[in-house]
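One-letter residues, chain by chain:
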Amino acid sequence: MSQHPQTKVIRTGVARTNQMEHSSPLFLTSSFCFDNAEEMRATFADETDNNIYSRFSNPSVKEFTDRVVVLEGAEEGYATASGMSAIFASFMALLKTGDHLISCNAIFGSTHTIITKFLSRYGIEYTYVPATNTDDWEKAVRPNTKMLYLETPTNPGLDIIDLEFAGKFAKKHHLILNVDNCFATPVCQRPIDFGADLVVHSATKWMDGQGRMLGGVVVGKSELIHDIYLFCRSTGPALSPFNAWVLSKSLETLDVRMERHASNALHIAKSLESHPGISWLKYPYLKSHPQHNIAVKQMKNGGGIVCFELKGGLEAGRNFLNNLKMLSLTANLGDTKSIASHPASTTHAKLSEKERQDVNITPGLIRISVGLEHADDVLADIKQALDKA
Ligand SMILES: *Cc1c(COP(=O)(O)O)cnc(C)c1O
């Protein structure tokens with residue numbers, strides 16, 4: 001009988017030395033030695049699996065990568081120093097001058113910057129399509145379209161893109177389907193099961209889950225990962241072995257942590273939905289979510305993020321943040337500590353009013369990353385701040 005991902009992730013790739021450690025040792029080394037010239041020659045000629053240099057491979061990094069591969073149901077992967085370097089590598093290794101990229105319009109801010117400010121410099125064209133109006137996607141396809149890039153749930157608006165539709169669409173048009181699965185995590189949603197070719201992650205968020213470090217990873221089909229590996233081994237965005245060692249251990253508890261983040265988030269979403277200070281609230285596992293049916297089809301739970309719109313707009317957003325007593329005001333998400341953010345005045349402040357509108361970032365939008373505190377304590381803090389907003 002094939003084992004469940006929860007088992008496989010814990011039992012995958014424990015790299016022991018001859019000391020027989022039960023917990024994986026940390027391979028904090030930049031290079032690896034050889035017994036003799038012949039072994040060295042064979043390794044450089046790709047005839048062995050030996051490590052050479054930690055920019056190329058390292059056992060601690062391999063363990064983390066292999067565990068994400070197992071969770072996502074992928075073939076291979078490569079881990080990077082941050083989520084952005086994984087996303088950047090997936091573009092640079094697979095797209096070239098003259099290629100066209102289709103991306104959903106609601107994407108992480110720095111991804112938007114890469115696509116509009118950097119890829120365009122190298123003659124890589126792009127078209128943004130609406131995340132939820134998939135009827136418009138067909139019009140965006142050109143003869144030179146090479147990749148479809150998606151994020152679901154989207155940040156910070158929590159729109160849900162139908163992955164089954166996206167998988168079929170990419171197949172029909174021979175596009176590489178590349179999905180940022182950071183918000184859901186692989187214990188909640190597996191894009192590869194719906195036809196994705198690549199999955200990228202910021203491991204900085206839920207995967208670490210404790211706000212300690214940056215990391216990223218891209219997993220998917222071997223032939224694509226091979227090209228990404230060749231790009232990365234020469235350009236150097238490798239994940240630090242220390243970070244990989246911490247992140248790898250974090251993955252052992254990802255499933256139980258995400259279940260609690262999600263049950264806390266659902267409780268908070270239900271309790272706030274009809275609050276008089278809020279004009280709407282979105283959480284994928286609430287029936288009121290516009291794409292609720294898609295969410296339950298492709299996600300095991302609703303995840304740890306809740307967002308809502310304050311009736312009082314921009315001013316109320318600032319007041320809300322100022323009146324929180326416990327929740328942290330910080331740019332991160334996916335921590336044990338609950339975090340509140342107000343995108344219009346922070347992460348998306350550089351966008352024009354019109355650009356913000358296009359990706360549904362309204363003036364009073366608040367995003368809560370629900371932590372592992374008792375849900376009632378998180379709720380109480382949000383409620384008292386709402387009363388004063
Ligand atoms: C944070 C984030 C990223 C970028 O990851 P870093 O680790 O900060 O580089 C990319 N996509 C999403 C959805 C994110 O939340």
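Worth saying up front: this structure is predicted, and the values here are computed from it rather than measured. (Residues numbered from 1 in each chain as written. Predicted model: local features only at pLDDT ≥ 70, side-chain atom pairs only at ≥ 80, totals over all residues. Heavy atoms only, no water.)

I'd like a rundown of the overall build of the protein chain, residues and numbers included.
The helix and strand inventory of the protein chain stands at 14 helices and 12 strands. For a compact globule of 389 residues, the expected C-alpha radius of gyration is about 21 Å, and the protein chain comes in at 21 Å, within 12% of that figure. Along the first, second and third principal axes, the C-alpha set of the protein chain runs to 75 × 50 × 40 Å. With 389 residues in all, the protein chain has 54% of them scored as buried. In the protein chain, the share of contacts with a sequence separation of at least 24, taken over all contacts with a separation of at least 6, comes to 72%. As displayed, the protein chain offers around 17,100 Å² of accessible surface, 53% of which is attributable to carbon and sulfur atoms. Measuring between centres, the 39 positive side-chain charges of the protein chain sit 4 Å from its 42 negative side-chain charges. (Helix = DSSP H or I, 4+ residues; strand = E, 2+ residues; numbered from the N terminus. Rg over C-alpha atoms; globule rule 2.2 N^0.38 Å. Buried < 20%, exposed > 50% of the residue type's maximum accessible area, 1.4 Å probe, protein only. Contact = heavy atoms within 4.5 Å. Areas by Shrake-Rupley, 256 points an atom, 1.4 Å probe, with all protein chains shown as cover. Lys, Arg positive; Asp, Glu negative; His and termini not counted. Charge placed at Lys NZ, Arg CZ, Asp CG, Glu CD.)

So what's going on with the sheet that holds strand β9 (residues 305–310)? Which residues, and what values?
Pairing within the open sheet is mixed, and its five strands lie in the order β8-β9-β12-β11-β10. Taken across any chain shown, the strands that pair with only one partner, and hence form the sheet edges, are β8 (278–282) and β10 (328–329). Examined bridge by bridge, β10 and strand β11 (residues 339–341) share two bridges and lie parallel to one another. If you follow L329 over to β11, its bridge partner there is A340. (Pairing = 2+ DSSP bridges.)

Please set out the site of the ligand residue by residue, giving values where relevant.
In the vicinity of the ligand lie 13 residues, with G83, D180, S202, T204 and K205 positioned nearest. Between S202 and the ligand, the recorded distance is 2.8 Å, taken from a side-chain N or O atom to an oxygen atom. Interatomic distance of 2.6 Å between a side-chain N/O atom of T204 and an oxygen atom of the ligand. Surface burial for the ligand is 92%, taken as the share of its 380 Å² of free accessible area covered by protein chains. Looking at the shell around the ligand, the element that brings in the most residues is helix α4 (residues 83–94), giving three residues. For the shell around the ligand, a count of residues per class yields five nonpolar, five polar and three charged. (Near = heavy atom within 4 Å. Polar contact = N/O pair within 3.5 Å; in protein donor to acceptor, adjacent residues only side chain to side chain. Nonpolar A, V, L, I, M, F, W, Y, C, P; charged D, E, K, R; others polar.)

Talk me through the sheet that holds strand β6 (residues 198–202); I want residue IDs and the actual numbers.
Either a parallel or an antiparallel arrangement is found when strands of a sheet pair, and the pairing is made through backbone hydrogen bonds. Across the sheet, which stays open at both edges, the seven strands sit in the order β1-β7-β6-β5-β4-β2-β3 with mixed pairing between neighbours. The open sheet terminates on both sides in strands that have one partner only, identified here as β1 (76–80) and β3 (125–129). Neighbour-to-neighbour, the strand axes of the sheet open up by a mean angle of 20 degrees, direction not taken into account. Bridging between β6 and strand β7 (residues 216–220) involves five bridges; their strand directions are antiparallel. Looking across to β7, one finds that H201 is bridged to V217. Set on the sheet, α4 makes contact with β1, β2 (100–104), β4 (145–151), β5 (176–180), β6 and β7; between it and β6 the angle comes to about 150 degrees. Running over the sheet, helix α8 (residues 222–235) touches β1, β5, β6 and β7 and is turned about 30 degrees from β1. (Axes fitted to C-alpha atoms, helices over the stretch in contact; angles between N-to-C directions.)

Before we move on, could you go through the environment of V246 and cite the residues and values that matter?
Its place among the elements puts V246 in helix α9 (residues 241–251). Between the C-alpha atoms of V246 and L26, which are 220 residues apart in sequence, the distance is 9.0 Å. Setting aside anything within four residues of it in sequence, one finds V246 in contact with D208, R212 and M213.

Residue-level account of the nonpolar core, with values.
Nonpolar side chains in soluble globular proteins tend to be buried together. If you look at the biggest cluster of nonpolar residues, it comprises 76 residues, and the most contacted ones within it are F64, F91 and L148. Two domains each put at least three residues into this core: domain 1 (5–251) and domain 2 (254–388). Once residues within four sequence positions are removed from consideration, L148 is found in contact with I102, W137, A166, F169, A170, L175, I176, L177 and N178. The next biggest cluster of nonpolar side chains, apart from the first, holds 26 residues, and it includes I278, F308, I382 and L386. (Core = buried A, V, L, I, M, F, W, Y, C linked by side-chain atoms within 4.5 Å. Domains from an automatic or database assignment.)

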